[in-house]
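Structural features, examined
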Amino acid sequence: MERTVEVVPEAGLHARPASKFVQTVNQYDATVTVGRADDGEDGMVDANSMLAVTGLNVEHGESVRIVAEGEDASDALDALETVLTTPVDEGGEAS
């Protein structure tokens, strides 16, 4: 299953939002990859790797494609969409 989501946090998919994203991935029994929506299969990276996720350099307002497979794929996609669509205030906490 897959989903395309626009990144809302001002920091994009860097620093705290990326950390929260990777932590969320690791809570589910699913194999998850992520990449820019327009980059196709070649741009997908392992979503449980902080280095790979931040290496995408996804900015605020860009769309990402999340692909999940496994027992918890649907729940993982729901949770990851929430992470990516929740604004983060300057103190780093979700608002």
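Right, let's walk through the structure included here. Starting afresh in each chain, residues are numbered from 1 along the sequence in its written order. Given that this is a predicted model, residues contribute local features only at a pLDDT of at least 70 and side-chain atom pairs are listed and counted only at 80 or more, while totals for whole chains, interfaces and linings are drawn from all residues. As a convention, hydrogens and water are excluded, and side-chain values are obtained from all of the structure's heavy atoms.

1. Considering the environment of Val88
Here a helix means four or more residues in a row that DSSP labels H or I, a strand means two or more in a row labelled E, and each is numbered from the N terminus. Along the polypeptide, Val88 turns up in the segment after helix 3 (73-85). Between the C-alpha atom of Val88 and that of Val25, which follows or precedes it by 63 residues, the distance is 18 Å.

2. A short note on the nonpolar core
What makes a nonpolar core is a set of buried Ala, Val, Leu, Ile, Met, Phe, Trp, Tyr and Cys residues whose side-chain atoms join them at distances within 4.5 Å. Burial status follows relative accessibility: with a 1.4 Å probe on protein chains alone, a residue under 20% of its type maximum counts as buried, one over 50% as exposed, and anything between as partly exposed. Residues Phe21, Val32, Val34, Ile66 and Leu84 are the most contacted members of the largest nonpolar core, which totals 24 residues. Elements with a contribution of two residues or more to this core: helix 1 (15-25), strand 2 (31-36), strand 4 (63-69) and helix 3. In terms of residue count, the dominant contributor to this core is helix 3 (6 residues). Note on contacts: a residue pair qualifies if any of its non-hydrogen atoms lie within 4.5 Å across the two residues. Other than its neighbours up to four places away in sequence, Phe21 contacts Leu13, Val34, Ala47, Val53, Ile66, Leu80, Val83 and Leu84.

3. Notes on the environment of Thr86
Looking at the secondary structure, you find Thr86 in the segment after helix 3. Linking Thr86 and Val8, residues 78 residues apart in sequence, is a C-alpha distance of 6.2 Å. A distance of 2.5 Å separates a polar side-chain atom of Thr86 from the backbone oxygen of Thr82. We define a polar contact as two N or O atoms separated by no more than 3.5 Å, with the added condition that, inside protein, one atom must be a possible hydrogen donor and the other a possible acceptor, whereas residues neighbouring each other in sequence contribute only through side-chain atom pairs.

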